[in-house]
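# Inside the fold
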Amino acid sequence: MMEEIKQSLRRIVSNYQLSDEFSRCLTYLLDQHEGGDFSDLSKLHFQLNGGILTKSIQEVFNLLELWILFTDIVDDIEDGDESKWGIEGNVLLNASTAFVSIVMLELQKVEIPYKSEVTRLFCHYLLQAVDGQHHDLINEITSEEMYEAVVKKKSGSLIALSSLLGEVLATGKYTAKLEMSAHYIAMVAQLNNDYGDLLNLQRDLRDKKRTLPILYLLQYEDSAFDELRLYYSQHGDSTMNICITPQQIEASGLSIYMHLLQSKYRNLALELLKEIYPTHDVSLFKKYI
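Here is a short report on the structure shown in this document. Just so we're clear, the structure is a prediction, and the values are computed from it rather than from any experiment.

Within the chain one finds 13 helices and zero strands. Helices and strands in the chain line up, N terminus first, as α-α-α-α-α-α-α-α-α-α-α-α-α. Expected size for 289 residues packed as a compact globule is a radius of gyration near 19 Å; at 20 Å, the chain falls within 12% of this value. Once the C-alpha set of the chain is aligned to its principal axes, its extents read approximately 60 × 50 × 25 Å. Across the 289 residues that make up the chain, the buried fraction comes to 49%. Sequence separation of at least 24 residues holds for 69% of the intrachain contacts in the chain that already meet a minimum separation of 6. Summing over all exposed atoms, the chain offers an accessible surface of approximately 14300 Å²; the carbon and sulfur share of this is 51%. A distance of 5 Å separates the average location of the 26 positive side-chain charges in the chain from that of its 42 negative side-chain charges.

A separate point is helix α1 (residues 2-15). With 14 residues, α1 ought to run about 20 Å at 1.5 Å a step, and its terminal C-alpha atoms sit 20 Å apart, in line with that. Looking at α1, one finds that the buried residues are Met-2, Ile-5, Lys-6, Ser-8, Leu-9, Ile-12 and Val-13. For α1, the buried positions fall inside an angular range of 160° around the axis, keeping them on one side. Residues of α1 that are exposed and point over 90 degrees away from its buried face: Glu-4 and Asn-15. Residues of α1 that are buried sit in contact with α2 (20-32), α3 (37-48), α4 (55-78) and α5 (89-109). At the C-terminal side of α1, Gln-17 shows a positive phi close to 50°.

In this section: the side chain of Thr-119. Tracing the backbone through its elements, the reader meets Thr-119 in helix α6 (residues 115-138). What makes Thr-119 buried here is its relative accessible area of 11%. If we ignore the near neighbours within four places in the chain, the residues touching Thr-119 are Met-104, Leu-107 and Gln-108.

Turning next to the packing of aromatic side chains. Under the counting rule described, the total for this entry stands at nine aromatic pairs. On the numbers, 4.8 Å between centres and 25° between planes, the contact of Tyr-216 with Tyr-257 is stacked. Of this pair, Tyr-216 sits in helix α10 (residues 212-219) while Tyr-257 sits in helix α13 (residues 254-276), and the two are 41 residues apart along the sequence. Of the residues examined, Tyr-257 reaches a relative accessible area of 22% and is grouped as partly exposed. An aromatic cluster of at least three residues, connected via ring pairs, comprises Tyr-216, Tyr-220, Phe-225 and Tyr-257. The cationic tip of Lys-208 hangs over the ring face of Tyr-231; the distance from NZ or CZ to the ring centre is 4.9 Å.

Parameters at a glance
- Residues numbered from 1 in each chain as written.
- Predicted model: local features only at pLDDT ≥ 70, side-chain atom pairs only at ≥ 80, totals over all residues.
- Heavy atoms only, no water.
- Helix = DSSP H or I, 4+ residues; strand = E, 2+ residues; numbered from the N terminus.
- Rg over C-alpha atoms; globule rule 2.2 N^0.38 Å.
- Buried < 20%, exposed > 50% of the residue type's maximum accessible area, 1.4 Å probe, protein only.
- Contact = heavy atoms within 4.5 Å.
- Areas by Shrake-Rupley, 256 points an atom, 1.4 Å probe, with all protein chains shown as cover.
- Lys, Arg positive; Asp, Glu negative; His and termini not counted.
- Charge placed at Lys NZ, Arg CZ, Asp CG, Glu CD.
- Expected span 1.5 Å × (residues − 1).
- Arc of directions from axis to C-beta.
- Phe/Tyr/Trp six-rings, centres within 6.5 Å; stacked < 30°, edge-to-face > 60°.
- Lys NZ or Arg CZ within 6 Å of the ring centre and 35° of its normal.

Shown next as structure tokens:
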């Protein structure tokens, strides 16, 4: 299915008759996109709300994937991780501007119901996401509450866009509970990403990011983490070669804490979805949580 989406997006890009080299650049980035979950989630909400899939509606779901690709690229540029795309940062930024322009132009052309509300959702949740990204970039998170607020805006906004887009395309309106369920789903995903980074690459540690797993260790009262606290208390680049071992993580109880938190948010999301879709099997959503 993702390959079909990419083929549709390649055709759209080619229709704008951009320069050959720039078109190749955009096509290359499309090919790099490992997506599908956002459009699949949106389509699921659309169908559960009684929506009948048409070619035009499918095109909106395709444009959602292009929107997600655009946000992924910008996030990586801002986080200094643009090297994974194999393209220089300034060229990446230029390409991302092209993608967001194409999405807005295509939304104006596509024949769908509730077009103005659909377009508003794209812009509204992008603004919320970049607001969340701003707080992530300035790196001033000091508590679980602040972490949740940032995740709600940064990651939660994109999942909320996917969820509400499906409902709006089907019914013309959306429910606050559905938006909240998206925020809970985002928490599960972000906790998984942040804990996974600590277990493996530890990029967040090197960048002194204040993710929830790292905040837990900073506040854990044990001399084993004195070096970590010293590292985070130093301003600017540190010469310390900091590393947290799997043994330290296990001894701290962090894995249990992460498991309990993820279970909590997963259950909150599923309970809300049961209220929203009382006659449907909400286990359909488990693949996204």
